[in-house]
Amino acid sequence: MNALEARGIHKRYGGLAALADVDLTVKNGQFVAVIGPNGAGKSTLLNVLTGLAMPDEGQVLLAGQAITRMATNKRIRAGLGRTFQHGRVFARLSVLENVMTGAAIRGRLSESDLRDFSMEIIEQMGLADVAHEAIMSLSYGRRRMVELSRALACRPHVLLLDEPAAGLNSGEVDQLIDRLAELRAMHGLAVVLIEHNMGMVMRLAERIFVLNFGCKIAEGTPAEIQADPAVLSAYLGEGYAHAVV
Amino acid sequence: MAMRIPLQIATAIIVLGGISGMVLPEYHLRLLNLSLISAVAVIGLNFAFGYAGLISLGHAAFVGMGGYGLAILTTTCGWSPWLAAPVAIAATAISAGLIGYPLLRLRGHYLALATLGLNVSFYIVTSNWIAMTGGTNGIARIPGLALGSFSFSGEHQFLWLALMVLALIAAAAAALHKSRLGREMIAVRDDEIASEMTGIDTTRIKIEAFVLSAICAAVAGCLFALHMRFVAPEDFTYAHSITYLAMLIVGGEGTIVGAVLGAVLLTFLPEWLRFLGTAYLFFFGLLVLGILVFLPTGLVGLGQRLSRRSAKTPLLASARAPEATS
């Protein structure tokens, strides 16, 4: 069974087709990347998958269950997790409290159990030293790690990451790549990554979907995508193939 | 450990209020009692506005529902105030839930306008439903509260009742601040989309915040009716709702200590400015405006700033603790 599936998704904003007949399949534990130029419809696709936007046509299935019209918070309870392009944290809560809000969705844990579980995740993410700090006192990169910790605290089966490397320096990106690989191995997560950092995409993704003007123009392994003339023309550029070679 | 801050706040309220009760003259004692009643209402508003970010300009309507509920049940039905008060509070909570469900689909200015409309409607209904509410004449002869032979009818006696209720509400609010529900309310205010993405049912949280807010308002309304022994539509107009909001913002929204400070300050301020004669309203407005402009985090925010510079006093420590992350 697929962990997450989108079938024939259409989404229009007025006269603009943001998504036109887009399919996406993510197997259990698979690392998938969605790439494409700005405005290709990548974030719209994540919005449709998470219920922030309703598709005009098409179906979304999570572990085989149709969730197309399900409220966002119910999708999260059903096993989806997501982070945002610009990092959305709860500014008036501490790091620990941010993560505890995510941990709280699973059953009726006591406050001490919630705290312990959240601290485990915070430690895994290397944030133990700032667990009790006000979130806005953290650097941008660490705030994004808090957001990721909060998403993990919801114990998702499928994690959707919207440009997690945006705004991070090269050292932080390397750390993020290592951390994502570890987390995936540790939690058996399926991951959908939207990213412009091709180094990160090619290192982590097992399968890549390419969008352009709301349409899927290619799908394949990193090697296949790097050699696909349509992808090179629309997004990566002819120079990319030469650089890789 | 989890109850340390709520207990500190409750103790501080009872000790400070008790000392004030011993030194204040009768008239100022009456003002203190009114300020404590307002503080209960403002703590309620803090749930809706300070925590969950719901701009309510109809809070006085819920105060009125509690007050009128108690007044009608005690005078028309002849119930004991001890029985009438919980029934009036429960009825207000149910009304808030029913009103909140459609109303809280609105956001920002629209929600503010809708709640303002609710308050205006409440005024119109209470002014015109003469058979039930007495119209603009209001309802008089509300019986006082008594515990055995002890009556809470005098200002001194009522002070202890008001202090106990305020301490209880403030302690409960402080405990809630650090609870799962408190975190969820704050999360909804900080970022509604991220809250949904964290599995929080934002509609449910907003309704819960609104109902909690109305419960505190109804408690304040019951206290008001028991204190004044009289309720009338003019006691619960939209102007009162705006005053509650001003009290919260001046004290420090999102904070329990701020809610209490704001209520006490804005109740006594007109009295302190009485020497200005008819010009007092101008200075009162100017002062409130000054606080809003120069102290956007209210008096508690100022206290936090000052306490960072100097050693923490126990009062400031207790004031800061619940708002440490705000």
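Just so we're clear, the structure is a prediction, and the values are computed from it rather than from any experiment.

(A) Region of interest: the overall build of chain B. The number of helices and strands found in chain B is 15 helices and 2 strands. Across the 326 residues in chain B, those meeting the buried criterion constitute 53%. If you sum the accessible surface of chain B, you get close to 14000 Å²; carbon and sulfur atoms cover 71% of it. A distance of 6 Å separates the average location of the 18 positive side-chain charges in chain B from that of its 14 negative side-chain charges.

(B) Representation of the nonpolar core in the model. Within the largest apolar cluster, 106 residues are counted, with the highest numbers of intra-cluster contacts made by B:Ile43 and B:Val231. Here this core takes 16 residues from helix α10 (residues 202-228) of chain B, the largest share from any one element. One finds A:Ala103, A:Ala104, A:Met119 and A:Leu161 within the second-largest nonpolar core, a separate group that totals 52 residues.

(C) Molecular detail of helix α11 (residues 238-251) of chain B. Residues and elements named next belong to chain B. Along its 14 residues, α11 runs 20 Å from first to last C-alpha, staying within 8% of the 20 Å computed at 1.5 Å per residue. For α11, the full list of buried residues reads Ser 241, Tyr 244, Leu 245, Ala 246, Met 247, Leu 248, Val 250 and Gly 251. The elements touched by buried residues of α11 are α2 (26-51), α3 (59-75), α5 (108-128), α12 (256-272), α13 (280-294) and α14 (298-309). Looking one or two residues beyond α11, the residue adopting positive phi is Gly 252, at roughly 135 degrees.

(D) The arrangement of the interface of chain B and chain A in detail. Contacts between the two partners involve 23 residues from chain B and, on the opposite side, 27 residues from chain A. Taking both partners together, chain B and chain A bury about 2300 Å²; carbon and sulfur atoms supply 54% of that area. The interface formed by chain B and chain A includes 4 salt bridges. In this structure, the salt-bridge partner of B:Asp190 is A:Arg92, at a minimum N-O distance of 3.1 Å.

(E) Examining the pairing of strand β9 (residues 207-212) of chain A more closely. Residue and element names in this part refer to chain A. Burial analysis of β9 places 5 of its 6 residues in the buried class, the great majority of the element. Sheet topology note: the strand β3 (residues 31-35)/β9 ladder contains 4 bridges and is parallel. If you follow Val 32 over to β9, its bridge partner there is Arg 207. Inspection of the sheet shows β9 paired to strand β10 (residues 215-220) by 5 bridges, in the antiparallel sense. Directly across from Ile 208, in β10, lies its bridge partner Gly 220. Here β9 folds back onto β10, and the loop between the two strands holds 2 residues, one of which, Phe 213, carries a positive phi near 50 degrees.

(F) Layout of a nonpolar patch on the surface. Taken together, the side chains of B:Val15, B:Ile19, B:Met22 and B:Val23 define a hydrophobic patch exposed on the protein surface, amounting to about 430 Å² of accessible area. Counting through the fold element by element, B:Met22 comes out in helix α1 (residues 4-23).

Calculation rules
- Residues numbered from 1 in each chain as written.
- Chains lettered and ligands numbered in written order.
- Predicted model: local features only at pLDDT ≥ 70, side-chain atom pairs only at ≥ 80, totals over all residues.
- Heavy atoms only, no water.
- Helix = DSSP H or I, 4+ residues; strand = E, 2+ residues; numbered from the N terminus.
- Buried < 20%, exposed > 50% of the residue type's maximum accessible area, 1.4 Å probe, protein only.
- Areas by Shrake-Rupley, 256 points an atom, 1.4 Å probe, with all protein chains shown as cover.
- Lys, Arg positive; Asp, Glu negative; His and termini not counted.
- Charge placed at Lys NZ, Arg CZ, Asp CG, Glu CD.
- Core = buried A, V, L, I, M, F, W, Y, C linked by side-chain atoms within 4.5 Å.
- Expected span 1.5 Å × (residues − 1).
- Contact = heavy atoms within 4.5 Å.
- Buried area = accessible area lost by both parts, 1.4 Å probe.
- Salt bridge = Lys/Arg side-chain N within 4 Å of Asp/Glu carboxyl O.
- Pairing = 2+ DSSP bridges.
- Patch = residues over 30% accessible without salt bridge, like charges linked within 9 Å, V, L, I, M, F, W, Y side chains within 5 Å.

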